[in-house]
Amino acid sequence: MLAVIRFPNPWGFQMGPPEVRPKIKPSYRVHICVPCYNEPSEIVFATCEAALNLRHPWASVRVYLCDDGRNMDREKQVINMNERRLHYLARNKFPGVPIHGKAGNVNSALKFVIFEKMRPTNNDIVIIFDADMKAHPNFLAHILPYYEDSEQTAIVQTPQHFFNVEHTGDVFNHQNSTFFFGVQTGLDAWRATVCCGTNFSIRALPLSAIGWFPTESITEDFLLSLKITASGWHCRYHGNVLTTGEAPEDLRQIFKQRSRWCTGCFQVFFQVETFMWVRQLPAIQMLCYFNSIMGYLSTIICFPVFLIVPVVSVYTKTHPVKELTTVLRTHTSCSPTRPRLPATYPPLRTAPPPLRARASAPCVHTLNSDGFPRARSSSSSSGQPTSSA
């Protein structure tokens, strides 16, 4: 399945944006949302400051701090910053009404504040950064050309990168390089990139057309990309690190995060409504999105094997990898297309024997009776002829 998905574009790193030459200068309204809850305020404001530093001649940028914890100190700090492009938002919560976590927080900002008095258009771009994801200054320069290149582009996803995780010591695979620089690039070739919930941008028009961010699953990002693709829009991927964040280091938080990802994928595929969206996809895009849940299913199938094989190997003194290597070597050496070499070889001489010096005699030709050169006779080691021609 992965071979089919990754075949058109198996790997991509440090990708450049598409080259576009618009005849008229584009004009985009960029709305950056930074949802947060109980994260440290210094981390949240560092992300907001990085978002405020984004500049592009095609865009006007506004940043919205979507505080789901309603921290009064944060609101005061935003007021004291006296930055017109930074807005503090805190939604109202009512007893008995589902809040829908991050999706409900962003939806409240989009529906009741940002687009309360204006209709979303194709030139309205919504960008989501998690509270600990600081954008690089060239973020917009890499993202906006995708929207200018094709009017069908709805989502542009970028990879995640963490400053507190080394590639050589990434035990829990936080960087997930295989997914971000291998799988996602293949999905991009089929215009079925999986949204990852942060470091991505989306047009506001198709987002509003599907009812804003989905709340049917705790992984609203995955369901969002599925709905957008089924609606006929394109989900693109840009394989270039444009943000830097902080990965969780607490073991409980790590397992909670991975458990939420797994639960959300199963929620998506075991809902009746999901099949109504999936049946609108072409076969290859169905395969692309089905691959997401197959990763967890294959783990469930292979997990007992990973437990049994070491135990059997210790008690029976059988080493599967070693045995398989021996079989492969035997098969390769006995292959009919490759001749089998002898087991022993004659010793090689260290140096060729020295050549004997031979006196060079002047080449003298004599003519026969017909006027042609007469053939010379073979000479002995002393250089004298042994027989006449």
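Residues numbered from 1 in each chain as written. Predicted model: local features only at pLDDT ≥ 70, side-chain atom pairs only at ≥ 80, totals over all residues. Heavy atoms only, no water.

1. Some remarks on the packing of aromatic side chains
Then step 1. Throughout the structure, instances matching the rule amount to five aromatic pairs.
Then step 2. Judged by centre distance (5.1 Å) and plane angle (75°), the rings of Phe 129 and Phe 139 are edge-to-face. Within this pair, whereas Phe 129 is found in the loop between strand E4 (124-128) and strand E5 (134-135), its partner Phe 139 is found in helix H5 (residues 139-149), the two being separated by ten residues in sequence.
Then step 3. Ring centres of Phe 222 and Tyr 289 lie 6.0 Å apart, and the angle between their planes is 65°; on these two criteria the pair is classed as edge-to-face. With a gap of 67 residues between them, Phe 222 in helix H8 (residues 220-230) and Tyr 289 in helix H11 (residues 283-316) connect regions that are remote in the sequence. Per residue, the accessibility class of Phe 222 equals that of Tyr 289, and both read buried. (Phe/Tyr/Trp six-rings, centres within 6.5 Å; stacked < 30°, edge-to-face > 60°. Helix = DSSP H or I, 4+ residues; strand = E, 2+ residues; numbered from the N terminus. Buried < 20%, exposed > 50% of the residue type's maximum accessible area, 1.4 Å probe, protein only.)

2. Some remarks on the nonpolar core
In a soluble, globular protein the nonpolar side chains are often hidden away together inside.
Then step 1. Leu 110, Phe 213, Leu 224, Ile 228 and Tyr 289 are the most contacted members of the largest nonpolar core, which has 43 residues in total.
Then step 2. Of the residues forming this core, the biggest block, six residues, is contributed by H8.
Then step 3. Listed in part, the 33 residues of the second largest apolar core include Tyr 28, Ala 51, Val 63 and Leu 140. (Core = buried A, V, L, I, M, F, W, Y, C linked by side-chain atoms within 4.5 Å.)

3. Structural notes on the confidence of the model for the protein chain
Then step 1. Taken residue by residue, the protein chain gives an average pLDDT of 81. The fraction at 70 or more is 81%.
Then step 2. Of the regions scoring below 50 in pLDDT, residues 377-389 engages in eight contacts with residues more than four places distant in sequence or in other chains. (pLDDT = per-residue confidence, 0-100. Contact = heavy atoms within 4.5 Å.)

4. What about the packing of H8 against H11?
Then step 1. At a minimum axis separation of 12 Å, H8 and H11 run at an interaxial angle of 175°. Looking at the two axes, H8 sits roughly antiparallel to H11. Contact residues: H8 offers Phe 222, Ser 225, Leu 226 and Thr 229, while H11 offers Gln 285, Tyr 289 and Ser 292.
Then step 2. By residue class, the composition of the contact of H8 with H11 is three nonpolar, four polar and no charged. (Axes fitted to C-alpha atoms, helices over the stretch in contact; angles between N-to-C directions. Parallel < 35°, antiparallel > 145°, perpendicular 65-115°, else oblique. Nonpolar A, V, L, I, M, F, W, Y, C, P; charged D, E, K, R; others polar.)

5. Concerning the sheet that holds E4
Then step 1. A sheet is described by the order of its strands in space; here seven strands give the open sequence E3-E2-E1-E4-E7-E6-E8, paired in mixed fashion. Edge strands, defined here as strands with exactly one partner in the open sheet, are strand E3 (86-89) and strand E8 (234-237). Averaged over all pairs of adjacent strands, the angle between strand axes in this sheet comes to 20°, irrespective of strand direction.
Then step 2. Lying on the sheet, helix H3 (residues 72-81) is in contact with strand E1 (28-36), strand E2 (59-67) and E3; it crosses E3 at an angle near 160°. (Pairing = 2+ DSSP bridges.)

6. Here's the deal with helix H2 (residues 41-52)
Then step 1. When the terminal C-alpha atoms of H2 are compared, their 16 Å separation across twelve residues agrees well with the 16 Å that a helix rising 1.5 Å per residue should span.
Then step 2. On the buried face of H2, the contacting elements are E1, E2, H3, E3 and E5. (Expected span 1.5 Å × (residues − 1).)

7. Structural notes on the packing of helix H9 (residues 251-269) against H11
Two numbers describe a pair of packed helices, the interaxial angle and the distance between the axes.
Then step 1. At a closest axis distance of 10 Å, the pairing of H9 and H11 adopts a crossing angle of 130°. Classified by the interaxial angle, the pair formed by H9 and H11 is oblique. Judged by the sense of rotation from one axis to the other, the crossing of H9 with H11 is left-handed. Between H9 and H11, the residues in contact are Trp 261, Cys 262, Cys 265, Phe 266 and Phe 269 and Tyr 289, Phe 290, Ile 293, Tyr 296 and Leu 297, respectively. (Left-handed = near helix turned anticlockwise from the far one by under 90°.)

8. A word on the side chain of Gln 184
Then step 1. Along the chain, Gln 184 falls in helix H6 (residues 177-189).
Then step 2. Separated by 2.9 Å, the side chain of Gln 184 and the backbone oxygen of Val 194 make a polar contact.
Then step 3. Beyond its immediate chain neighbours, meaning those up to four positions away, Gln 184 contacts Gln 157, Phe 179, Thr 193, Val 194, Cys 196 and Tyr 237. (Polar contact = N/O pair within 3.5 Å; in protein donor to acceptor, adjacent residues only side chain to side chain.)

9. Considerations on H11
Then step 1. Here H11 spans 46 Å end to end across 34 residues, near enough to the 50 Å set by a 1.5 Å rise per residue.
Then step 2. Maximal helix bending in H11 amounts to about 35°, located at Ser 292.
Then step 3. By the burial criterion, the buried members of H11 are Gln 285, Cys 288, Tyr 289, Asn 291, Ser 292, Ile 293 and Ser 313.
Then step 4. Within two residues after H11, Lys 317 carries a phi angle of roughly 55°, on the positive side. (Bend = angle between axes of the 7 residues up to and from the residue.)

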